[in-house]
Amino acid sequence: MTDLQNPLAAAPIKVDVWSDIACPWCYIGKRKLEAGIEAFGTQPGTPAVEIEYHSFELSPDTPVDFAGDEVEFLANHKGIPAEQARQMLTRVVGIAEDVGLHYDYDALQHANTVKAHELIHYAKSKGMQLEAKERLLKAYFEEGRNVGRIEDLADLAAEIGLDRDDVVRSLISGEYLESVRSDQRQAQEYGIQGVPFFVIDGRYGVSGAQDAATFVEVFGRIAGERTGSVDAVSA
């Protein structure tokens, strides 16, 4: 059967990603997903892969401006001993470097991320969700930018070509707050308790910052199911 006879075979594979701007594993997972998509795309006759990001707040009680560094946050808000927190951050920095990311925890400004999620939904309405997600993650983990304050978020939005004044209007009004809450309710319905979490083709769940090969395997399984070349099995 050709793709013309079976339109489903050529339809894009949808990946819905629940993640938080303040989640180090989410940025690492993003890079691994992208590497998996690139590797999958080198195989002949494979469908395209489309990504949509959804809101998840790891620490919704975080103040807009947390007066302290990441070690203090983990110690005071998560109850993790300071030395253990430092070791955790050192490990995360090393893993991030392996995928080309350069985390700077000395410069990082811990902040509440709900407005950042609203901005991502705003960018989605303008066809620029992927650009906004990348810009905010880079700003937070590599550049020490604040992603909790409206004015700072508007600056970042303008850098990717969005209308700064309209972004300020949207964030002040809470235009997309209900969209953020809807994502969070969907996460609860799916039973998602940690991020990143990937829902692939509406059927397969992948939890955590898995290696690129994991995504290639799932994509290949879905492509095979569509053409009838493999049996449907659970990921």
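Scroll up to find the structure this text is about.
Read on for a plain summary of the structure. (Residues numbered from 1 in each chain as written. Predicted model: local features only at pLDDT ≥ 70, side-chain atom pairs only at ≥ 80, totals over all residues. Heavy atoms only, no water.)

Describing the overall build of the chain
Of regular secondary structure, the chain possesses ten helices and four strands. Order of helices (α) and strands (β) in the chain, N terminus to C terminus: α-β-α-β-α-α-α-α-α-α-α-β-β-α. Computed over its C-alpha atoms, the radius of gyration of the chain comes to 19 Å, within 12% of the 18 Å expected for a compact globule of 235 residues. Seen through its C-alpha atoms, the chain measures out along the principal axes to roughly 60 × 45 × 30 Å. (Helix = DSSP H or I, 4+ residues; strand = E, 2+ residues; numbered from the N terminus. Rg over C-alpha atoms; globule rule 2.2 N^0.38 Å.)

Brief notes about the packing of aromatic side chains
Counted by the stated rule, this structure contains eleven aromatic pairs. These aromatic residues form a ring-pair network of at least three members: Tyr27, Tyr103, Tyr105, Tyr140 and Phe141. (Phe/Tyr/Trp six-rings, centres within 6.5 Å; stacked < 30°, edge-to-face > 60°.)

Some thoughts on helix 9 (residues 177-190)
Given a rise of 1.5 Å per residue, 14 residues ought to cover 20 Å, and the 20 Å separating the end C-alpha atoms of helix 9 matches this to within 8%. What helix 9 keeps buried is the set Val180, Asp183, Gln184 and Ala187. The arc that holds the buried residues of helix 9, viewed along the axis, is 95 degrees, so those residues lie on one side. Seen from the open side of helix 9, the exposed residues pointing more than 90 degrees away from its buried face are Gln188 and Glu189. Buried-residue contacts for helix 9 involve strand 1 (13-19), strand 2 (49-55) and helix 5 (114-125). Just past helix 9, the residue glycine 191 takes up positive phi, approximately 80 degrees. (Expected span 1.5 Å × (residues − 1). Buried < 20%, exposed > 50% of the residue type's maximum accessible area, 1.4 Å probe, protein only. Arc of directions from axis to C-beta. Contact = heavy atoms within 4.5 Å.)

Considerations on the pattern of salt bridges
Across all of its chains, the model carries 26 salt bridges by this definition. One salt bridge connects arginine 164 with glutamate 151, and the closest N-O pair in it is separated by 2.6 Å. Within this pair, whereas arginine 164 is found in helix 8 (residues 164-173), its partner glutamate 151 is found in helix 7 (residues 150-159), the two being separated by 13 residues in sequence. With a relative accessible area of 26%, arginine 164 lands in the partly exposed category. (Salt bridge = Lys/Arg side-chain N within 4 Å of Asp/Glu carboxyl O.)

Concerning the environment of glutamine 193
Take glutamine 193: it is sitting in the loop between helix 9 and strand 3 (197-200). We classify glutamine 193 as exposed; its relative accessible area is 75%. Residues glutamine 193 and leucine 58, 135 residues apart in the sequence, show an inter-C-alpha distance of 9.1 Å.

Let's talk about a negative patch on the surface
A cluster of acidic side chains, namely Asp69, Glu72, Asp104 and Asp106, defines a negative patch on the protein surface. Looking at the element boundaries, aspartate 69 is found in the loop between strand 2 and helix 3 (70-78). (Patch = residues over 30% accessible without salt bridge, like charges linked within 9 Å, V, L, I, M, F, W, Y side chains within 5 Å. Areas by Shrake-Rupley, 256 points an atom, 1.4 Å probe, with all protein chains shown as cover. Lys, Arg positive; Asp, Glu negative; His and termini not counted. Charge placed at Lys NZ, Arg CZ, Asp CG, Glu CD.)

What to know about the nonpolar core
Among the nonpolar cores identified, the biggest contains 40 residues, and Ile21, Tyr103, Leu119, Leu136, Phe141, Leu162 and Val167 are the most heavily contacted of them. Counting only elements with at least two residues in this core, the list comes to helix 2 (24-41), helix 3, helix 4 (82-98), helix 5, helix 6 (129-141), helix 7 and helix 8. No other element matches helix 6, which puts six residues into this core. What leucine 136 contacts, discounting residues up to four positions off in sequence, is Ile21, Ala116, Leu119, Ile120, Val147, Leu153 and Leu156. Val15, Tyr53, Val206 and Ala223 belong to the second largest nonpolar core, which has 17 residues in total. (Core = buried A, V, L, I, M, F, W, Y, C linked by side-chain atoms within 4.5 Å.)

Here's the deal with helix 10 (residues 212-227)
The terminal C-alpha atoms of helix 10 lie 23 Å apart, and with 16 residues this matches the ideal 22 Å at 1.5 Å per residue to within 8%. Among the residues of helix 10, Phe215, Val216, Val218, Phe219, Arg221, Ile222, Ala223, Gly224, Glu225 and Arg226 are the ones counted as buried. Directly beyond the C-terminal end of helix 10, a positive phi value near 80 degrees is found at glycine 228.

Considering the packing of helix 2 against helix 10
Direction vectors running N to C along helix 2 and helix 10 enclose 50 degrees, while the axes themselves pass 8 Å from each other. Between helix 2 and helix 10, the angle falls in the class oblique. Classified by chirality, the crossing of helix 10 by helix 2 is right-handed. Along its contact with helix 2, which presents Lys32, Leu33, Ala35, Gly36, Ile37, Ala39 and Phe40, the element helix 10 presents Ala212, Phe215, Val216, Phe219, Gly220 and Ala223. Of the residues contributing to the contact of helix 2 with helix 10, the split by class is ten nonpolar, two polar and one charged. (Axes fitted to C-alpha atoms, helices over the stretch in contact; angles between N-to-C directions. Parallel < 35°, antiparallel > 145°, perpendicular 65-115°, else oblique. Left-handed = near helix turned anticlockwise from the far one by under 90°. Nonpolar A, V, L, I, M, F, W, Y, C, P; charged D, E, K, R; others polar.)

Shape is all these values report; function is a separate question.
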